[in-house]
Amino acid sequence: NQIDPFDFVIFGATGDLTMRKLLPAFLRRFHAQEFTADARIVCVARSAHTPEKFRQQVRATLKEFAPETAKDSAVLERFLELVTYVALDATKPESDWTDLKAVLADPSRTRVFYLATAPGLYAPLCAALSTHGLITPLTRVVLEKPIGVDLKTATEINDGVGRFFAEDAIYRIDHYLGKEGVQNLLALRFANPVLEKLWNSDAIAHVQITAAETVGVGTRGAYYDESGAMRDMVQNHLLQVLCMLAMDAPASLSADDLRNEKLKVLNALRPMTPDMVRLNVIRGQYVAGRIDEQKVCGYTEDLGRSRSSHTETFVAIRTKIRTSRWGNTPFYLRTGKRMAAKTTEIVLQLRPQVWSIFSNTPSPGRLVIRIGPEEGVSLVLATKDPGVGGFRVRNADLSMSYEKQFNIAYHDSYERLLLDAVRGNPALFIRRDEVEASWRWIEPILTSWREAQSPLEPYPAGSWGPASTRALLARDGALWHEDM
Ligand code: BG6
């Protein structure tokens, strides 16, 4: 199952993403012998490193971010031989492209350009690649999120890139689709008729999708303060998870069949009016608190400035999907930095029994899909309370952990996605119309926040978000998972 020789060119190669995610992911796949020493990973950035100096930096990075693989020094050194560095400011017309052209001299190899730069540079970079004759019939381009900051900028980027690449050569990456737990939604639903039969408003009272992090903004303050949780997490990751969870069965696992079904979910989301935003969306920002017994400071202090910021680090949304499958089931989405736990999970709350013959009524069951950490699935069902006397029922947990079941520890979602891009399988990448439909739904929320100058509700670091987050569910008689 090895891949043909390829040239993988990363623009923005000295950045965080390349060092923490892309190169470690490649090293692990190389170690797993998924590709051979014929491959080349060409790192392009502005700094005037020599290839040797850059390799030293990569060696240190890999020891830090892929330690279990990098300790095999023979593999590490062979991998480093595949990595080359080209110093180039690709945005300046006067820059000299000779070195990059020399590395990419063979047009018969698969070529992937990975743009890990500011999104505003995607279109100009594609134009430059075209001017310098580097786009061959075997070339694909991978675009990191966020694609734009609103519908207009996303459309401009898509138009700009689309002038040089056909849609089927454009791979918009969302690393949540590389997560085993997200892909498993397809198997769970479409390979288990018993579950798929329950997958609708008749059986499911509500659905919650949570992506909570304990980290703050770290060193990414400059980017994050412009973006906020809505653009950083909701527009892409949470909506993609929602699509995988809520879509109808695609005719096949082909890229277009999958993406057609996801698009229908995005188009069926109930549009947000300003009144609905006020009632159904909560935006918060963390203030000082404690995480794992340690004191941590608030968001503005993390940014290292004295002036305040109006950027949200937490969002919770209540929405509905206007289809006969889901029309009567609220969907709650929430995400935030500096929350009580690092967890990405989905909870499908089952409807309660209408009448109980037992001496008590157990709380209704639920299906919990853990996407990370510790991927797994558990089904909470009522069972007889063991012991003597009476006939009481209580909840018990049928649980499956991927690691225990399959003896596999999952590493990083980029591993799967990078090699899918090289192989030419776009199924787990986002199509243009999906990106634009996501923005179309998100934008009225952003506009309404701006125009109504919506308040930011503070929440202490280490909590589950602003106090009003509970009330959002209480209205439907529901509880967040941690309160169940
Ligand atoms: C990224 C966001 O896309 O996803 C980050 O930009 C966030 O802010 C990260 O921390 C979360 O990813 P994961 O895989 O740790 O849930």
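Definitions and cut-offs
Residues numbered from 1 in each chain as written. Predicted model: local features only at pLDDT ≥ 70, side-chain atom pairs only at ≥ 80, totals over all residues. Heavy atoms only, no water. UniProt positions renumbered as here; feature names shortened; annotations may be inferred. Salt bridge = Lys/Arg side-chain N within 4 Å of Asp/Glu carboxyl O. Helix = DSSP H or I, 4+ residues; strand = E, 2+ residues; numbered from the N terminus. Buried < 20%, exposed > 50% of the residue type's maximum accessible area, 1.4 Å probe, protein only. Contact = heavy atoms within 4.5 Å. Polar contact = N/O pair within 3.5 Å; in protein donor to acceptor, adjacent residues only side chain to side chain. Phe/Tyr/Trp six-rings, centres within 6.5 Å; stacked < 30°, edge-to-face > 60°. Lys NZ or Arg CZ within 6 Å of the ring centre and 35° of its normal. pLDDT = per-residue confidence, 0-100. Near = heavy atom within 4 Å. Areas by Shrake-Rupley, 256 points an atom, 1.4 Å probe, with all protein chains shown as cover. Patch = residues over 30% accessible without salt bridge, like charges linked within 9 Å, V, L, I, M, F, W, Y side chains within 5 Å. Pairing = 2+ DSSP bridges. Axes fitted to C-alpha atoms, helices over the stretch in contact; angles between N-to-C directions.

Named according to an unreviewed UniProt entry, the chain is Glucose-6-phosphate 1-dehydrogenase originating from Acetobacter cibinongensis. You can read under Catalytic activity (unreviewed entry) in the UniProt record for the chain the words "D-glucose 6-phosphate + NADP(+) = 6-phospho-D-glucono-1,5-lactone + NADPH + H(+)".

Explain the pattern of salt bridges to me, and be specific about the residues and the numbers.
Under the counting rule described, the total for this entry stands at 33 salt bridges. Arg 55 is paired through a salt bridge with Glu 52; the nearest N and O atoms lie 3.1 Å apart. Highlighted residues: Arg 55 and Glu 52, both in helix H2 (residues 51-65), separated by 3 residues, approximately one helical turn. Using a relative accessible area of 42% as the deciding quantity, one classes Glu 52 as partly exposed. Among the charged side chains, a network of salt bridges with common partners joins Arg 28, Arg 29, Glu 34, Glu 68, Glu 415 and Arg 423.

Hey, could you go over the UniProt feature "binding site: NADP(+)" (unreviewed entry) in the chain for me, with residue numbers and the actual values?
Under the UniProt annotation, the feature "binding site: NADP(+)" (unreviewed entry) is placed at Arg 46 and Lys 145. Relative to the elements of secondary structure, Arg 46 occurs in the loop between strand S2 (40-45) and H2. Overall, Arg 46 belongs to the exposed group, its relative accessible area being 66%. Setting aside chain neighbours within four positions, we find Arg 46 in contact with Tyr 85, Ala 87, Leu 88 and Asp 89. With respect to the secondary-structure elements, Lys 145 resides in the loop between strand S5 (139-143) and helix H7 (151-162). If near-sequence neighbours (up to four positions away) are discounted, Lys 145 is found in contact with Ile 173, Tyr 223, Arg 231, Asp 232, Asn 236 and His 237. A distance of 3.2 Å separates a polar side-chain atom of Lys 145 from the backbone oxygen of Asp 232.

An account of the packing of aromatic side chains is requested, with residue identities and associated values reported.
Taken as a whole and judged by the stated rule, the model has 19 aromatic pairs. Here the aromatic rings of Phe 11 and Trp 97 are separated by 6.5 Å at their centres, their planes lie at 45 degrees, and the arrangement is tilted. Within this pair, whereas Phe 11 is found in strand S1 (residues 6-11), its partner Trp 97 is found in the loop between strand S3 (83-87) and helix H5 (98-103), the two being separated by 86 residues in sequence. Positioned above the aromatic ring of Tyr 176 is the side chain of Lys 179, whose terminal nitrogen or guanidinium carbon lies 4.5 Å from the ring centre.

How would you explain the confidence of the model for the chain if you had to name every residue and give the values?
The predicted model of the chain has a mean per-residue pLDDT of 94, with 99% of residues at 70 or higher. Both scores are given for the predicted complex: the pTM is 0.95, the ipTM 0.98.

How would you summarise the site of the ligand if you had to cite specific residues and measurements?
In the vicinity of the ligand, the residues found are Lys 145, His 175, Tyr 176, Lys 179, Glu 213, Arg 220, Asp 232, Met 233, His 237, Lys 337 and Lys 342. Between the ligand and the protein, one listed contact pairs an oxygen atom with a side-chain N or O atom of Asp 232 at 2.6 Å. Relative to its free-state accessible area of 400 Å², the ligand is covered by the protein chains to the extent of 80%.

An account of a nonpolar patch on the surface is needed here, citing residue identities and associated values.
Taken together, the side chains of Val 354, Trp 355 and Ile 357 make up a nonpolar region of the molecular surface, amounting to roughly 480 Å² of accessible area. Within the secondary structure, Ile 357 sits in the loop between strand S13 (343-350) and strand S14 (366-372). By relative accessible area, Ile 357 is classed as exposed at 70%.

Just give me the short version of the UniProt feature "active site" (unreviewed entry) in the chain, but keep the residues and values in it.
As recorded in UniProt, the sites labelled "active site" (unreviewed entry) are His 237. Topologically, His 237 is positioned in helix H10 (residues 221-246). For His 237, a relative accessible area of 2% translates into the label buried. Other than its neighbours up to four places away in sequence, His 237 contacts Lys 145, Asp 174, His 175, Tyr 176 and Asp 232.

Go over the side chain of Arg 283 with me, naming the residues and quoting the values.
Here Arg 283 shows up in strand S8 (residues 281-287). At 3.0 Å, the side chain of Arg 283 forms a polar contact with the backbone oxygen of His 310. At 3.3 Å, the side chain of Arg 283 forms a polar contact with the backbone oxygen of Ser 454. When neighbours within four sequence positions are excluded, Arg 283 is seen to be in contact with His 310, Thr 311, Glu 312, Phe 314, Trp 449, Ser 454, Pro 455, Leu 456 and Glu 457.

An account of the sheet that holds S14 is requested, with residue identities and associated values reported.
Judged by pairing direction, the sheet is mixed, and its 9 strands sit side by side in the order S16-S15-S14-S13-S7-S12-S11-S8-S17 without closing on themselves. The two strands at the open ends of the sheet, each matched to only one other strand, are strand S16 (393-401) and strand S17 (457-460). Direction aside, neighbouring strands of the sheet carry axes that sit 20 degrees apart on average. Of the strand pairs in this sheet, strand S11 (residues 314-319) and strand S12 (residues 331-336) are connected by 6 bridges, and their pairing is antiparallel.

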